[in-house]
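# Structural overview for review
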Amino acid sequence: MKKINNHEKTGILPVINIPNVSLAIPVAEALRQGGVNAIEVTLRSSDSLESIKSIKSAFPDMTVGAGTVLNVQAVDSAIKNGADFIVSPGYDDEVVNYCISRGIKIVPGCTTPSEIQKAVKLGLGVLKFFPAELNGGIDAINLLSGPFPDVKFIPTGGINFNNLGTYLSNKKVLACGGSYMATSEQIKNGDFDSIAEACKKALDISLGFELAHIGINCNSNDEASFTAQTISKIFRLTPRDLNSAVFAGNAVEAVKYQGRGANGHIGFYTNSIRRAAAYFESQGFELDEANTKYKNNQAICIYLKDEIGGFALHAVER
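Residues numbered from 1 in each chain as written. Predicted model: local features only at pLDDT ≥ 70, side-chain atom pairs only at ≥ 80, totals over all residues. Heavy atoms only, no water.

## Some words on unusual backbone geometry
Using the following cut-off: Secondary structure is summarised from DSSP: a helix means a run of H or I of at least four residues, a strand means a run of E of at least two, and numbering begins at the N terminus for each.
Residue F130 is joined to P131 through a cis peptide bond whose omega torsion reads -10°. Within the element layout of this structure, P131 appears in the loop between β6 (126-129) and α7 (137-145). Although it is not a glycine, T68 sits at a positive phi angle of roughly 55°. With respect to the element layout, T68 can be found in the loop between β3 (63-67) and α4 (72-80). A positive phi angle, near 65°, is found at N297, a position not held by glycine. Within the fold, N297 resides in the loop between β14 (293-295) and β15 (298-303).

See the structure below:
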């Protein structure tokens, strides 16, 4: 799989105002404990730049962005203190051109076709969509993706645990920004355990793992048909005879040959193959690259190398 940035790996980009540098490391540690290794530190306090420097120094592998960047002087200060990329709330020609001319990653805020078109002409493919909910939310992103199919968005503003899944199941959304996993109140109260738990919850929503089907290996068409029809009869399901398997309903697949896995395979849905692959690898599970399935040059199904209980495991994108 192609190497991707940390916020792409999880789909989560915490957008945090750190009021005091003493909170920078504890906040970053809480995010990492929850499985999120990226942060956008907004330049809204006198300690913001020092916080960026502190986090990047303590955790060099953490992706640290500088947010609420309004001018080129702020760009220079953020980069000098270790920021990996720049985020501006709106589209500012001077800031965007300055960053591009110096090879600095910039994610400008764009909510109109005119702004997006300007960004695309300059070669920018990842844009902030802010404030997301006030500007039409996921419906607006879908409409804007029509004329700009190659653009990926990082919606921010109004994102919470109730709508996070809707955004992150959309292929045009690269990651969701916000403070839903680390609120100002949690930071102020030093409630870092709650931040870690909220990050875990956000990651669960982002990955969206759900059982898709169980595949049972059979030795012939007749055995597959008998297996699926019997299960269908017992549980009042509808059998479906396909080219390589017979399904009992949607969740049980009787494969007409000895397929992957000693006994068969178990498939799980996910919101994003890219995020699922990154998660598996972060947990030490090796992917079977030779059996990755693609559509339009994009991976849509990945297998793990190891079998569990005689079953091959794979994830398939919704």
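## Some thoughts on the environment of T10
This is how it is decided: The contact criterion used is simple: two residues touch if any of their non-hydrogen atoms lie within 4.5 Å.
Position of T10 among the secondary structure elements: in helix α1 (residues 6-10). Separated by 165 residues in the primary sequence, T10 and A175 place their C-alpha atoms 7.5 Å from one another. Setting aside residues up to four positions removed in sequence, T10 forms contacts with G35, L203, S206 and R275.

## Observations concerning the pairing of strand β12 (residues 252-255)
Under the convention used in this document: Note on pairing: DSSP must find at least two bridges between two strands before they are called paired.
When strand β9 (residues 210-217) meets β12, the two strands line up parallel, connected through 4 bridges. Looking at β12, one finds that I216 is bridged to A254. Pairing between strand β11 (residues 245-248) and β12: 4 bridges, direction antiparallel. Opposite F247, over in β12, you have E253 as the bridge partner. The turn linking β11 back onto β12 is made up of 3 residues, and G249 within it adopts a positive phi angle of 70°.

## Focus on empty space enclosed by the protein
Note the threshold: Only protein atoms enter the calculation, which uses a 1 Å grid: trapped sets of points that fit a 1.4 Å probe without letting it out are cavities, open sets showing protein on both sides within 12 Å along at least five of seven lines are pockets, and any residue with an atom within 4 Å of a point is a lining residue. Grid points are joined across faces, edges and corners, and a volume is the space filled by probe spheres set on the points. When residue character is reported, Ala, Val, Leu, Ile, Met, Phe, Trp, Tyr, Cys and Pro are called nonpolar, Asp, Glu, Lys and Arg charged, and the others, Gly included, polar.
In total, this model carries 1 cavity of 30 Å³ or more according to the counting rule given. Within this model, the largest cavity holds a volume of roughly 30 Å³. Forming the boundary of the largest cavity are L13, E40, V87, V107, K128, I154 and T156. In terms of residue class, the lining of the largest cavity is built from 4 nonpolar, 1 polar and 2 charged.

## Some details on the nonpolar core
Quick reminder of the rule: Buried Ala, Val, Leu, Ile, Met, Phe, Trp, Tyr and Cys residues form a nonpolar core when they are joined through side-chain atoms within 4.5 Å. Buried means the residue's accessible area, taken with a 1.4 Å probe over protein chains only, is under 20% of the maximum for its type, while exposed means over 50%, and partly exposed covers the values in between.
Ranked by internal contacts, the top residues of the largest apolar core, which has 60 residues, are L31, I39, I55 and I86. What I39 contacts, discounting residues up to four positions off in sequence, is L13, P14, I16, I18, V27, L31, I55, M62, T63, V64 and G65. In this structure, I273, A277, L287 and L313 belong to the second largest nonpolar core, which totals 11 residues.

## Observations regarding the packing of aromatic side chains
Let me state the cut-off plainly: Classification of ring pairs rests on two measures: the distance between centres of Phe, Tyr or Trp rings, Trp counted by its six-membered ring, which must be within 6.5 Å, and the angle between planes, read as stacked under 30 degrees, edge-to-face over 60 and tilted in between.
Applying the stated criterion across every chain, the model contains 5 aromatic pairs. Judged by centre distance (6.0 Å) and plane angle (75°), the ring pair of F129 and F153 falls under edge-to-face. In this pair, F129 is assigned in strand β6 and F153 in strand β7 (residues 152-155), connecting sequence segments 24 residues apart. Judged by its relative accessible area of 0%, F129 falls in the buried class. Given a relative accessible area of 0%, F153 falls into the buried group. When the ring of Y279 is compared with that of F280, the centres are 6.2 Å apart and the planes differ by 55°; the resulting orientation is tilted.

Coordinates in, geometry out; function isn't part of it.
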